[in-house]
Amino acid sequence: MTIFDKFDQLAAARQALEENCGDFFNMVVDDIISATEAVVNGRRMILAGSNNYLGLSFDSDCIEAACEATRQAGTGTTGSRMANGTFSGHVALEKELAQFFKRRHAIVFSTGYIANLAMLSTLVGPDEIILLDADCHASIYDGCRLGKAEIIRFRHNDINDLEKRLKRLAKRNTNILVVVEGLYSMLGDRAPLSDIAAVKRKYGAYLLVDEAHSLGVLGENGRGLAEEAGVEDEADFIVGTFSKSLGAIGGFCVSNHQQLDLVRYASRPYVFTASSSPGVIASTRKALSILHTRPELRRRLWDNANMLYQKLQDLGFSLGPEPSPIVAVRQQDKEEALAIWNALVQHGVYVNLVLPPATPDGGALLRCSMSAGHTAEQIEHIGQAFAAAHRTDQAAQTG
Ligand code: PMP
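Residues numbered from 1 in each chain as written. Predicted model: local features only at pLDDT ≥ 70, side-chain atom pairs only at ≥ 80, totals over all residues. Heavy atoms only, no water.

J.: Help me understand the domain arrangement of the chain in this model?
T.: Where interface size is given, it is often the accessible area lost as the parts come together that is meant. According to the domain assignment, the chain consists of domain 1 (16-47 + 296-398) and domain 2 (58-293). Here the C-alpha centre of domain 2 lies 28 Å away from the C-alpha centre of domain 1. On the domain 2 side, the residues contacting the 23 residues of domain 1 number 21 residues. Here domain 1 and domain 2 share an interface that buries about 1600 Å² over both sides, 60% of which is from carbon and sulfur atoms. Seen at the junction of domain 1 and domain 2, the total is 1 salt bridge. Notably, a salt bridge pairs R190 with E322, separated by 2.6 Å at the nearest N-O pair. (Domains from an automatic or database assignment. Contact = heavy atoms within 4.5 Å. Buried area = accessible area lost by both parts, 1.4 Å probe. Salt bridge = Lys/Arg side-chain N within 4 Å of Asp/Glu carboxyl O.)

J.: I tried to follow the site of the ligand on my own but got confused; where do I start?
T.: In the vicinity of the ligand, 15 residues are found, and the nearest of them are G112, Y113, D210, H213 and T241. One of the backbone N or O atoms of G112 is found 2.8 Å from an oxygen atom in the ligand. When the free accessible area of the ligand is taken as 390 Å², the share hidden by the protein chains comes to 84%. A majority-of-atoms criterion places the ligand in the largest pocket. Here the shell around the ligand is composed, by residue class, of 2 nonpolar, 10 polar and 3 charged. (Near = heavy atom within 4 Å. Polar contact = N/O pair within 3.5 Å; in protein donor to acceptor, adjacent residues only side chain to side chain. Areas by Shrake-Rupley, 256 points an atom, 1.4 Å probe, with all protein chains shown as cover. 1 Å grid on protein atoms, 1.4 Å probe; cavity = no way out; pocket = protein on both sides within 12 Å on 5 of 7 lines; lining within 4 Å. Sits in = over half its atoms within 2 Å of the grid points. Nonpolar A, V, L, I, M, F, W, Y, C, P; charged D, E, K, R; others polar.)

J.: How should the layout of surface pockets be read in this particular structure?
T.: A water-sized probe rolled over the atoms picks out the places where empty space is left. Put simply, the largest pocket is a space of about 440 Å³. Contributions of two or more residues to the lining of the largest pocket are made by α4 (112-123) and β9 (237-241). Of the residues in the lining of the largest pocket, the class split is 7 nonpolar, 15 polar and 4 charged. Counting contributing residues, the lining of the largest pocket receives three or more from each of domain 1 (16-47 + 296-398) and domain 2 (58-293). The calculated volume of the second largest pocket comes to roughly 300 Å³. Contributing to the lining of the second largest pocket are 16 residues, with D135, C136, H137, A138 and A358 lying nearest its centre. (Points joined across faces, edges and corners; volume = space filled by probe spheres on them. Helix = DSSP H or I, 4+ residues; strand = E, 2+ residues; numbered from the N terminus.)

J.: Help me out: how do you make sense of the pattern of salt bridges in this one?
T.: If the charged atoms of two oppositely charged side chains come close together, the side chains can form a pair. This structure, assessed with the given rule, holds 23 salt bridges. Among the ionic pairs, E94 bridges to R81, the shortest N-O distance being 2.9 Å. Of the two residues, E94 is situated in helix α3 (residues 88-101) and R81 in the loop between α2 (60-73) and α3; the sequence distance between them amounts to 13 residues. A salt bridge links E232 to R223; its shortest N-O distance comes to 2.7 Å. The two residues E232 and R223 agree in class, both being buried. One continuous salt-bridge network, built from bridges that share partners, spans R81, E94, D261 and R264. (Buried < 20%, exposed > 50% of the residue type's maximum accessible area, 1.4 Å probe, protein only.)

J.: Explanation requested: the pairing of strand β6 (residues 150-154) in the structure shown.
T.: Working note: regular strand, side chains alternate between the two faces of the sheet. The sheet contact formed by strand β5 (residues 129-133) and β6 spans 5 bridges and is parallel. Counterpart to I129 in the pairing with β6 is E150. (Pairing = 2+ DSSP bridges.)

J.: I'm lost on helix α12 (residues 296-314) in this one. Help?
T.: Note: α-helices contain 3.6 residues per turn, so residues at a spacing of three or four share the same orientation. Look at α12: 27 Å from first C-alpha to last across 19 residues, which is about the 27 Å you get at 1.5 Å a residue. Along α12, the residues that are buried comprise L297, R298, L301, W302, N304, A305, L308, Y309 and L312. Looking straight down α12, one finds its buried side chains confined to an arc of 160°; they lie on one side. Away from its buried face, by an angle of more than 90 degrees, α12 presents the exposed residues R299 and D314. The inward-facing, buried residues of α12 abut α11 (278-293), β11 (326-331), β14 (364-369) and α14 (376-398). (Expected span 1.5 Å × (residues − 1). Arc of directions from axis to C-beta.)

J.: Sorry if this is basic, but what is going on with the sheet that holds strand β13 (residues 352-354) here?
T.: Think of a sheet as strands paired side by side through backbone hydrogen bonds, with each pair either parallel or antiparallel. Taken in spatial order, the 3 strands line up as β11-β14-β13 in an open sheet, and their pairing is antiparallel. Looking at which strands have only one partner, the edges of the open sheet turn out to be β11 and β13. Going across the sheet, the axis of each strand differs from the next one's by a mean of 25°, ignoring polarity. Both β11 and β14 contribute to a ladder of 6 bridges, which runs antiparallel. Bridging across to β14, V327 finds its partner in C368. Its contacts with the sheet put helix α13 (residues 334-346) on β11, β13 and β14, and the angle it makes with β14 is roughly 35°. (Axes fitted to C-alpha atoms, helices over the stretch in contact; angles between N-to-C directions.)

J.: Whenever I open this one, the sheet that holds strand β2 (residues 37-40) confuses me. Can you help?
T.: Across the sheet, which stays open at both edges, the 4 strands sit in the order β1-β2-β3-β12 with mixed pairing between neighbours. In this open sheet, the two strands that pair with only one neighbour each are β1 (29-32) and β12 (349-350). As defined by bridge partners, β1 adjoins β2 across 3 bridges and the pair is classed as antiparallel. Pairing of I32 across the sheet is with A38, part of β2.

J.: Would you explain the side chain of E128 in this entry?
T.: Its location among the elements puts E128 in the loop between α4 and β5. Excluding its chain neighbours within four sequence positions, the residues that come into contact with E128 are L123, A149, E150, T174 and N175.

J.: How do you make sense of the packing of aromatic side chains when you look at a structure like this?
T.: Given two aromatic rings, one states the distance between the centres and the angle between the planes to describe the pair. Counted by the stated rule, this structure contains 7 aromatic pairs. For the ring pair F100 and F101, a centre distance of 5.1 Å and an interplane angle of 85° mean the geometry is edge-to-face. With respect to burial, F100 and F101 carry one shared label: buried. Ring centres 5.8 Å apart and planes at 85° place the aromatic pair F109 and Y270 in the edge-to-face group. Of this pair, F109 sits in strand β4 (residues 105-109) while Y270 sits in helix α10 (residues 268-271), and the two are 161 residues apart along the sequence. Judged by its relative accessible area of 3%, F109 falls in the buried class. Of the aromatic side chains, those joined through ring pairs into one cluster are F100, F101, F242 and F252. (Phe/Tyr/Trp six-rings, centres within 6.5 Å; stacked < 30°, edge-to-face > 60°.)

Spelled out as structure tokens, the structure:
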């Protein structure tokens with residue numbers, strides 16, 4: 001027996017997948033042309049699964065800000081926020097995030113994953129409870145694992161299930177943190193946030209909303225679902241990432257609770273990893289200001305999202321429950337998903353292939369994400385590629 005024997009099952013599953021879909025494990029972006037196009041494995045492709053919602057990874061002002069900061073402050077901080085890694089840019093970004101979200105306090109983390117690890121493992125302690133939506137992201141689950149709270153799941157977006165559990169837990173007389181996402185990352189559906197806020201208030205719980213996919217996407221000012229649903233006062237903690245609409249990498253938490261600052265001292269994921277480099281912080285600051293100054297990007301994103309959703313719906317595909325910049329195309333099974341994903345690659349379209357157990361309901365998905373940077377021609381091409389891929393798959397099945 002070797003230390004690697006436990007991987008046997010994984011290796012077999014990988015090999016089976018590789019036989020059907022060799023490209024899946026070897027996708028290398030050789031040359032990135034724009035926010036929506038790249039040369040992948042030597043083939044020019046439309047990027048339709050990159051979460052680059054506003055296309056800001058290629059914004060000239062963001063690039064210039066990153067270059068200037070790198071020249072001034074170097075390529076990396078070489079230390080954690082707690083040691084030598086808090087530069088003036090980190091402090092300025094925290095101030096700007098707090099202003100943007102109209103909150104008193106903000107913390108910047110090295111990634112969104114780390115923000116969730118830090119917040120969930122630190123905020124809620126032994127004898128306290130985290131009540132989370134079953135479809136929450138892996139980083140939320142991992143944050144729960146790292147901490148010592150009791151973890152209870154409620155059925156995805158099921159307000160009755162949430163209330164039933166809150167009611168039952170009330171007699172425990174302890175702190176409860178309800179955790180949900182704004183837009184859910186796999187199916188692009190919204191949390192019923194005003195109902196969630198109402199029951200959270202009724203039972204005296206706290207609420208944390210992960211707006212990773214909704215920052216810059218939802219709300220009149222791009223502050224996310226809490227803004228759109230008019231419940232920002234009820235969201236005790238907003239967590240998010242810089243790696244989607246802001247086109248960089250990093251994470252944050254904002255809150256009006258003044259004790260938020262104490263999380264810095266109590267949280268291992270804040271203390272024991274290096275802080276974001278100056279270039280990343282500078283481009284994020286610029287991107288955050290663009291959310292404010294260029295609201296037309298958000299409108300364009302939604303026009304594009306609605307266009308693709310409508311096109312795929314007209315073609316007869318089974319989609320996520322509501323139009324959103326995440327357009328999830330449900331597949332009958334893993335084999336169909338693999339075949340269509342492969343055919344899309346042949347047609348120069350890159351989307352995310354999502355297989356169980358990563359999918360919410362155990363099905364297989366082809367997950368598209370739209371960008372303000374997509375052109376109408378690119379969206380037309382994506383639709384046509386789906387139609388052609390489906391035809392090829394049907395022909396293979398009947399032939
Ligand atoms: N939360 C959610 C809901 C996410 O979808 C993601 C990333 N896909 C994260 C957190 C982690 O963000 P990051 O990529 O910045 O680590």
